[in-house]
Amino acid sequence: MEFKNEMQKNVHTMLGNWFAPGLQAGAIHKSDDRPAFFVPQGSAVVVVQVGALGNDEASITVGAQVVTGANVTSELMAFLLAHNYGSLFGAFGVNPENGTITYDHSIVGSTCDKKELDASVMFVAQTADRYDDAIIEKFGGKSALSLATGK
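Bear in mind the structure is a predicted one, so any value in this text is a computation, not a measurement. (Residues numbered from 1 in each chain as written. Predicted model: local features only at pLDDT ≥ 70, side-chain atom pairs only at ≥ 80, totals over all residues. Heavy atoms only, no water.)

## Some thoughts on the pattern of salt bridges
To be explicit about the condition: The term salt bridge refers to a pairing of a side-chain nitrogen on Lys or Arg with a carboxyl oxygen on Asp or Glu at a separation within 4 Å. Labels follow the DSSP assignment, with helices taken as runs of H or I lasting at least four residues and strands as runs of E lasting at least two, numbered in each case from the N terminus. In this scheme, a residue with accessible area under 20% of its type's maximum is buried, one over 50% is exposed, and one in between is partly exposed, where area comes from a 1.4 Å probe on protein chains only.
Taken as a whole, this structure holds one salt bridge when the rule is applied. Ionic pairing is found between aspartate 118 and lysine 114, a salt bridge with its closest N-O pair at 3.0 Å. Here the residue aspartate 118 and the residue lysine 114 both occupy positions in helix H3 (residues 114–139), the gap between them amounting to four residues, near one helical turn. For aspartate 118, a relative accessible area of 33% corresponds to the partly exposed category. Exposure remark for lysine 114: the relative accessible area of 36% places this residue in the partly exposed category.

Below, the structure is given as C-alpha coordinates:
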(Lines give C-alpha, C1' and ligand atoms only; values in the text may rest on other atoms or scores of the structure.)
Protein backbone atom coordinates (compact mmCIF):
# COMPACT_ATOMS: atom_id res chain seq x y z
CA MET A 1 0.00 0.00 0.00
CA GLU A 2 1.34 3.41 -0.92
CA PHE A 3 1.01 6.45 1.33
CA LYS A 4 1.31 10.03 0.08
CA ASN A 5 2.84 11.42 3.27
CA GLU A 6 4.12 10.25 6.64
CA MET A 7 1.07 11.50 8.57
CA GLN A 8 -1.28 9.45 6.38
CA LYS A 9 0.81 6.36 7.18
CA ASN A 10 0.89 7.19 10.91
CA VAL A 11 -2.87 7.77 11.11
CA HIS A 12 -3.56 4.54 9.21
CA THR A 13 -1.36 2.65 11.71
CA MET A 14 -3.13 4.37 14.62
CA LEU A 15 -6.55 3.33 13.29
CA GLY A 16 -5.29 -0.21 12.77
CA ASN A 17 -4.31 -0.33 16.42
CA TRP A 18 -7.68 1.02 17.52
CA PHE A 19 -9.52 -1.46 15.29
CA ALA A 20 -7.26 -4.41 16.23
CA PRO A 21 -9.82 -6.27 18.41
CA GLY A 22 -12.47 -6.03 15.66
CA LEU A 23 -9.95 -7.01 12.98
CA GLN A 24 -8.86 -10.04 14.98
CA ALA A 25 -12.47 -11.08 15.59
CA GLY A 26 -13.35 -10.65 11.90
CA ALA A 27 -15.93 -7.93 12.62
CA ILE A 28 -13.83 -5.25 10.88
CA HIS A 29 -12.00 -5.71 7.60
CA LYS A 30 -8.86 -3.95 6.39
CA SER A 31 -8.37 -3.13 2.72
CA ASP A 32 -5.29 -4.67 1.14
CA ASP A 33 -4.90 -2.06 -1.59
CA ARG A 34 -5.87 1.28 -0.01
CA PRO A 35 -5.73 2.85 3.45
CA ALA A 36 -9.26 1.90 4.48
CA PHE A 37 -11.22 -0.22 6.94
CA PHE A 38 -14.73 -1.64 6.52
CA VAL A 39 -16.96 -1.64 9.61
CA PRO A 40 -20.37 -3.36 9.28
CA GLN A 41 -22.96 -1.59 11.45
CA GLY A 42 -26.64 -2.55 11.25
CA SER A 43 -27.79 -2.24 7.63
CA ALA A 44 -24.74 -0.14 6.71
CA VAL A 45 -21.14 -0.86 5.90
CA VAL A 46 -19.10 2.09 7.13
CA VAL A 47 -15.86 2.75 5.27
CA VAL A 48 -13.12 4.54 7.20
CA GLN A 49 -10.54 5.92 4.75
CA VAL A 50 -7.30 7.73 5.53
CA GLY A 51 -6.24 10.28 2.94
CA ALA A 52 -3.31 12.65 2.61
CA LEU A 53 -4.13 16.26 3.33
CA GLY A 54 -1.37 18.40 1.89
CA ASN A 55 2.23 17.42 2.57
CA ASP A 56 2.06 16.83 6.30
CA GLU A 57 -1.51 16.11 7.39
CA ALA A 58 -4.08 13.37 6.96
CA SER A 59 -7.85 13.24 6.80
CA ILE A 60 -10.12 10.48 8.00
CA THR A 61 -13.32 10.15 5.99
CA VAL A 62 -16.01 8.02 7.58
CA GLY A 63 -18.71 7.19 5.05
CA ALA A 64 -21.46 4.80 4.08
CA GLN A 65 -23.28 4.04 0.88
CA VAL A 66 -26.91 4.62 1.81
CA VAL A 67 -28.77 3.79 -1.41
CA THR A 68 -27.76 2.80 -4.94
CA GLY A 69 -29.96 3.32 -7.98
CA ALA A 70 -32.22 6.04 -6.59
CA ASN A 71 -34.17 8.21 -9.01
CA VAL A 72 -32.28 11.52 -8.77
CA THR A 73 -34.90 14.25 -8.86
CA SER A 74 -35.11 17.80 -7.58
CA GLU A 75 -37.36 16.45 -4.80
CA LEU A 76 -34.63 14.01 -3.71
CA MET A 77 -32.02 16.77 -3.80
CA ALA A 78 -34.24 19.03 -1.67
CA PHE A 79 -34.82 16.15 0.79
CA LEU A 80 -31.06 15.55 1.17
CA LEU A 81 -30.15 19.24 1.37
CA ALA A 82 -32.77 19.80 4.08
CA HIS A 83 -31.14 17.05 6.12
CA ASN A 84 -27.65 18.46 5.46
CA TYR A 85 -28.80 21.87 6.69
CA GLY A 86 -29.76 20.46 10.09
CA SER A 87 -26.96 17.91 10.45
CA LEU A 88 -24.29 18.46 13.08
CA PHE A 89 -21.89 15.91 11.55
CA GLY A 90 -21.52 14.81 7.96
CA ALA A 91 -23.53 15.30 4.83
CA PHE A 92 -25.30 13.39 2.10
CA GLY A 93 -23.75 13.26 -1.34
CA VAL A 94 -25.18 12.03 -4.65
CA ASN A 95 -23.64 10.51 -7.76
CA PRO A 96 -26.21 11.61 -10.37
CA GLU A 97 -24.91 9.10 -12.94
CA ASN A 98 -25.97 6.01 -10.99
CA GLY A 99 -28.19 7.35 -8.19
CA THR A 100 -25.79 6.38 -5.43
CA ILE A 101 -26.38 8.30 -2.22
CA THR A 102 -23.63 8.41 0.39
CA TYR A 103 -23.26 9.89 3.83
CA ASP A 104 -19.79 11.09 4.83
CA HIS A 105 -18.07 12.80 7.74
CA SER A 106 -14.43 13.93 7.76
CA ILE A 107 -11.98 14.39 10.64
CA VAL A 108 -8.47 15.85 10.76
CA GLY A 109 -6.19 12.84 11.21
CA SER A 110 -3.47 14.22 13.49
CA THR A 111 -5.92 15.45 16.13
CA CYS A 112 -8.43 12.60 16.04
CA ASP A 113 -8.85 10.49 19.15
CA LYS A 114 -10.59 7.14 19.50
CA LYS A 115 -13.71 8.61 21.10
CA GLU A 116 -14.15 11.03 18.16
CA LEU A 117 -13.67 8.25 15.60
CA ASP A 118 -16.11 5.92 17.40
CA ALA A 119 -18.71 8.71 17.50
CA SER A 120 -18.25 9.41 13.80
CA VAL A 121 -18.60 5.72 12.83
CA MET A 122 -21.76 5.36 14.94
CA PHE A 123 -23.31 8.59 13.65
CA VAL A 124 -22.66 7.72 10.00
CA ALA A 125 -24.01 4.18 10.48
CA GLN A 126 -27.11 5.39 12.32
CA THR A 127 -27.80 8.05 9.68
CA ALA A 128 -27.44 5.54 6.81
CA ASP A 129 -29.67 3.06 8.66
CA ARG A 130 -32.26 5.71 9.51
CA TYR A 131 -32.57 7.15 5.99
CA ASP A 132 -32.12 4.20 3.60
CA ASP A 133 -35.71 2.91 3.84
CA ALA A 134 -37.27 6.38 3.55
CA ILE A 135 -35.16 7.22 0.48
CA ILE A 136 -35.92 3.88 -1.18
CA GLU A 137 -39.64 4.24 -0.52
CA LYS A 138 -39.80 7.72 -2.09
CA PHE A 139 -37.05 7.59 -4.72
CA GLY A 140 -36.32 3.93 -5.42
CA GLY A 141 -33.01 2.10 -5.32
CA LYS A 142 -31.52 -0.53 -3.06
CA SER A 143 -29.77 -0.37 0.30
CA ALA A 144 -26.15 -1.46 0.76
CA LEU A 145 -27.37 -4.41 2.84
CA SER A 146 -29.80 -5.63 0.17
CA LEU A 147 -27.08 -5.37 -2.49
CA ALA A 148 -24.66 -7.34 -0.31
CA THR A 149 -27.16 -10.05 0.61
CA GLY A 150 -29.13 -10.14 -2.64
CA LYS A 151 -32.40 -9.62 -0.74
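## Points about the packing of aromatic side chains
What counts here: Only Phe, Tyr and Trp rings take part, Trp by its six-membered ring, and two of them pair if their centres are within 6.5 Å. Stacked means planes under 30 degrees apart, edge-to-face means over 60, and tilted covers everything else.
Taken as a whole and judged by the stated rule, the model has seven aromatic pairs. Measuring from ring centre to ring centre gives 6.1 Å for phenylalanine 79 and tyrosine 131, while their planes differ by 70 degrees; the resulting arrangement is edge-to-face. Of this pair, phenylalanine 79 sits in helix H2 (residues 74–86) while tyrosine 131 sits in helix H3, placing them 52 residues apart in sequence. A relative accessible area of 18% means that tyrosine 131 is categorised as buried. With 6.3 Å between their ring centres and 50 degrees between their planes, tyrosine 103 and phenylalanine 123 make a pair best called tilted.

## Focus: the nonpolar core
Here is the rule: Joining through side-chain atoms within 4.5 Å is the link that ties buried Ala, Val, Leu, Ile, Met, Phe, Trp, Tyr and Cys residues into a set, and such a set is a nonpolar core. In this description, contact between two residues means that some pair of their heavy atoms is separated by no more than 4.5 Å.
Within the largest apolar cluster, 32 residues are counted, with the highest numbers of intra-cluster contacts made by Leu15, Val48, Ile60, Ile101, Leu117 and Ile135. When residues in this core are grouped by element, the largest group, eight residues, is from H3. In this structure, isoleucine 60 is in contact with Val11, Leu15, Val48, Gln49, His105, Ser106, Ile107, Gly109, Cys112 and Leu117, ignoring residues within four places of it in sequence.

## Considerations on the pairing of strand S3 (residues 44–53)
As a reminder, the rule being used: Strands were regarded as paired on the criterion that DSSP finds at least two bridges between them.
Sheet topology places strand S2 (residues 36–41) next to S3; six bridges connect them, and they run antiparallel. Bridge assignment links proline 40 to a residue of S3, and that residue is valine 45. Connecting S2 to the next strand, S3, in antiparallel fashion are two residues, including glycine 42 with a positive phi near 60 degrees. Relative to strand S4 (residues 57–68), S3 runs antiparallel, the two being bridged by eight bridges. Its bridge partner being in S4, alanine 52 is matched across the sheet by alanine 58. The turn linking S3 back onto S4 is made up of three residues, and glycine 54 within it adopts a positive phi angle of 70 degrees.

## A look at the environment of arginine 130
Mapped onto the elements, arginine 130 comes out in helix H3. Considering only alpha carbons, one finds arginine 130 and serine 43, 87 residues apart in sequence, at a separation of 9.3 Å.

## A look at the pairing of strand S5 (residues 91–95)
Relative to strand S6 (residues 100–108), S5 is paired through five bridges, and the arrangement is antiparallel. Note that in S6 the partner of alanine 91 across the bridge is aspartate 104. Counting the residues between successive antiparallel strands, the hairpin from S5 to S6 contains four residues, one of them, glycine 99, with a positive phi of roughly 70 degrees.

## Considering the packing of H2 against H3
To keep it simple, the criterion reads: Axis definition: a line fitted to C-alpha atoms, over the contacting stretch in the case of helices. Angles run 0 to 180 degrees between N-to-C directions. For classification, angles of less than 35 degrees are called roughly parallel, those exceeding 145 degrees roughly antiparallel, those between 65 and 115 degrees roughly perpendicular, and all remaining angles oblique. Here a crossing is taken to be left-handed if its near helix is turned anticlockwise relative to the far helix by less than a right angle, and right-handed if that turn runs clockwise.
With their axes 11 Å apart at the nearest point, H2 and H3 run at an angle of 160 degrees to one another. With respect to H3, the axis of H2 lies roughly antiparallel. Considering the relative orientation of H2 and H3, their crossing is right-handed. Across the interface between the two elements, Glu75, Leu76, Phe79, Leu80 and His83 from H2 touch Thr127, Tyr131, Ile135, Lys138 and Phe139 from H3.

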